[in-house]
Every structure is written in structure tokens, then in C-alpha cells.
Amino acid sequence: MKEITDIIKAYQKATKEGKSTALATVVKVDGSSYRRPGARMLVTEDGQLTGAISGGCLEGDALRKALSAIVQQENKLITYDTTDEDDAKFGVQLGCNGIVHILFEPIIATDELNPIAILTALKSKRETAALVTLFSLTNRQQLGTGMLFKNKSVLSKIPKLISDEVMKDVQKVFENKTSAFKIYNQENQQIDAFLEFIKPPISLIIAGAGNDAQPLAEMAYLLGWEVTVIDGRPTHATPQRFANATSVLVSKPENVLAQIQIDEQTAFVLMTHNYNYDLELLKYLLGTNTPYIGTLGPKKKLLRMLEELDLATTINETRVHGPVGLDIGAETAEEIAISILAEIKSVFTGASAIFLKEKKKPIHDYE
């Protein structure tokens, strides 16, 4: 979601400066690639790039293709086949052993449902959504970003002949909470579709505004997470100390839940260094649906808190992590922050957190 936020900001800036732009989107990958479908990059007419569609190897050639799309005002699909040993013919030498399909869409400001307008609507509320991008691997016509589906709203410019079928598949994507690829037929022409399931960014609630909370809040911000800092001390919980936090609250534990929104993308880290504050807040959090609660400090601290709450033998501890973080040998506040963020990310993605060299399956599953 951070990439989308950055792209919207870059587009707004380019528009003010009178610059034309195009959006590049990875719509399909066969084999291995640095970025997965859904990766995006905004290109301005003077060559400024925001976002990324590869590890840097595609961007040079993609810039030329995006400028061509801007000049011709036409969507274009470009395929990079890096399984070919002679991939140098593309001038990019990816070496990823995969086939990457990139859709380039010039942004037409007068189009009320242009790709940036749809991305802006996606970002407007903290909701899960499905985004539909239509392209064709067999025909010249590339329809592009065509639908945004949320629980209570739909923005669509999907052709009528396939709109009902697309809507049914989008609802399945919502139910399964996973992206999908589909193929439709319109007047004997094949239309490929990337149905992208998008969750809101992780909302990290940090209970504790000490010095060790500052690098955690800052690194989470760099990841594009929404950060809220809560503490009972007005001298510590200040916007000046947490400049990039979405919200900084001075609150007692019993008042915290009334001031925040909790959903399936919300994580809590208790690090006030005040045992009674953490204990009281933990009591309230265990009654919510938050999927992640981390406590700073030794495991015996968490066990003691659970015992005091009479929950040591009954509480499902799978969502309670204490000590918080992965074992990376962290010592400093910055290293501990990396450890905590890595664990939260692995929990929310369902990843194993093992060494990638030990992983038997591909890093990313596309189908």
C-alpha cells in the first residue's frame, strides 16, 4: 500500500507541474521475478520514477515503453522473457528466469476512472478491496485498470459483455481473500484479468513512548504501516517525538480501545516498561479480535501477567507473543525494532520466517 500512496503523491505533484504520466503495472508473472503481480511504478514525461516493477533491471527499458504510451496515448502490454538465454536482446539482462508481463497505461486526467483515480479511491478508506486489471496476451487491445470493488461500493468501467462474470469472480476473490487470474471472452477475443485482493496496511499500535519505541515507529512508517503511539505520560507521547506517526495519544489503558480502530490488520506491541500499564491494557486487548499482541521483556513477564489475569491455562496464546520479535541476536533499540517488525510481518503473511535458502517452494506463489 505504501507504493500506491507514493504513486498518488507523485502523480499529484506531476499534475501541478503540468507533466504527463503513465502507470506501469506487473500484471502477470510466469516463473521467477523480483516483483510479483500488483507491483506498480509511475513514470513522468521527464523520466521520474516512483515505485518499482523490478529490482532495477527493468526500469530503464520500462521508461522508454512508458514514454511511448504517453506519446501515443494508448495502453501497451510488454512482455520480458528472461527464460531466453539471449535475454540481452531486450537490453535489460534480467537473469530472473521468468516471464514478466508489464501493462503501461497513460494517465488521462479527464477520465474520471483513470488508474490513478481508482487507486485514490482504493486508498481513501481503510478497507479490504479487490482491484481488476484487464489485459490481453493475444490481442493488441489492452483495457487496463477497470474496477475497484469494496464491501459497499463499486467503481467500474468493465465492458458490459463480461461485467457480470467479472463481478462473480471478484466476489470469490473477496471470499477467498486471495488474488486470482481469469480469462474472459468478448466477441471471440480473449481478455486476461488480474483480480488483485488488497488488504489495508498493517496498523501498528505501540503502547509505550520511550526512546526505544522511536525507531520501531519510524521503521514501521518506512514500511508504509499506519502507526499509533499510546502512553500515559504526556511528556513522552508527543507528535514532536513521533513525527511520522499517524496518531499519538496520551491515554490510560481503560480508555485506549475507545480511541482506536481494531481490525484483522491491527498489531499491538506493549513496551511501556510499566508492568501495571501493560497488564491492564493486555486485559482489554485479549477481549478484542486483534490477531497480534506482542510484549517486550522476558517470557516470565508474560506468564506472570497471564497468571494475574487468571488466563495462564485457558488463553489461546497463538496471537500473544512474548518475548516479542524474532531471534536475530538483537541488542540495540534499532535491532530490536527490526526483530519485532519482521515477526509481525511474518505473522500477517503466514510466512515461515526461515532462511530463504532453506525454502523448498518459490519465494512467491503467483497462481
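Under an unreviewed UniProt entry, the name given to the protein is XdhC and CoxI family protein, and the source organism is Pedobacter terrae.

## Some points on the nonpolar core
Grouped together as the largest cluster of nonpolar side chains are 25 residues, with contacts concentrated most on Leu-204, Ile-206, Leu-216, Val-269 and Ile-344. The element that contributes the greatest number of residues to this core is helix α9 (residues 333-349), accounting for five residues. Discounting chain neighbours no more than four positions away, the residues touching Val-269 are Leu-204, Ile-205, Ile-206, Ala-207, Leu-216, Tyr-292, Gly-294, Ile-340 and Ile-344. Membership of the second largest hydrophobic core comes to 21 residues, among which are Ile-230, Val-256, Ile-260 and Leu-306.

## Some points on the sheet that holds strand β3 (residues 49-51)
Strand order in the open sheet formed by five strands is β3-β2-β1-β5-β4, and the pairing between neighbours is antiparallel. Here the strands that pair on one side only, and so sit at the sheet edges, are β3 and β4 (76-81). Each adjacent strand pair in this sheet contributes to an overall mean axis angle of 25 degrees, direction not counted. The sheet contacts of helix α2 (residues 59-72) involve β1 (21-31), β2 (40-44), β3, β4 and β5 (98-106), and relative to β4 the element is tilted by about 160 degrees.

## Some words on helix α1 (residues 2-16)
Given 3.6 residues per turn, any residue in an α-helix points the same way as the ones three and four places further on. The terminal C-alpha atoms of α1 lie 21 Å apart, and with 15 residues this matches the ideal 21 Å at 1.5 Å per residue to within 8%. Those residues of α1 that fall on the buried side of the exposure criterion are Glu-3, Ile-4, Thr-5, Ile-7, Ile-8, Ala-10, Tyr-11 and Ala-14. Its buried side turned inward, α1 meets β1, β2, β3 and α3 (115-123). Two residues or fewer past α1, Gly-18 is found with a positive phi of approximately 75 degrees.

## Some thoughts on helix α5 (residues 213-222)
All of the buried residues in α5 are Ala-213, Pro-215, Leu-216, Ala-217 and Ala-220. Contacts from the buried residues of α5 go to β11 (203-207), β12 (226-231), β14 (266-270) and α9. In the segment just after α5, Gly-224 is the residue with positive phi, at about 90 degrees.

## Observations concerning the side chain of Thr-25
Mapping Thr-25 onto the fold places it in strand β1. For Thr-25, a relative accessible area of 1% gives the class buried.

## Here we look at the packing of aromatic side chains
The final tally for this structure, using the stated rule, is three aromatic pairs. For the ring pair Phe-149 and Phe-174, a centre distance of 5.1 Å and an interplane angle of 85 degrees mean the geometry is edge-to-face. Residue Phe-149 is located in strand β7 (residues 144-149), and its partner Phe-174 is located in helix α4 (residues 160-176); the two are separated by 25 residues in the primary sequence. Each member of the pair Phe-149 and Phe-174 is classed as buried. A centroid spacing of 5.9 Å and a plane angle of 85 degrees characterise the contact between Phe-174 and Phe-197, whose relative ring orientation is edge-to-face. Of this pair, Phe-174 sits in helix α4 while Phe-197 sits in strand β10 (residues 189-198), placing them 23 residues apart in sequence.

Conventions used here
Residues numbered from 1 in each chain as written. Predicted model: local features only at pLDDT ≥ 70, side-chain atom pairs only at ≥ 80, totals over all residues. Heavy atoms only, no water. Core = buried A, V, L, I, M, F, W, Y, C linked by side-chain atoms within 4.5 Å. Buried < 20%, exposed > 50% of the residue type's maximum accessible area, 1.4 Å probe, protein only. Helix = DSSP H or I, 4+ residues; strand = E, 2+ residues; numbered from the N terminus. Contact = heavy atoms within 4.5 Å. Pairing = 2+ DSSP bridges. Axes fitted to C-alpha atoms, helices over the stretch in contact; angles between N-to-C directions. Expected span 1.5 Å × (residues − 1). Phe/Tyr/Trp six-rings, centres within 6.5 Å; stacked < 30°, edge-to-face > 60°.

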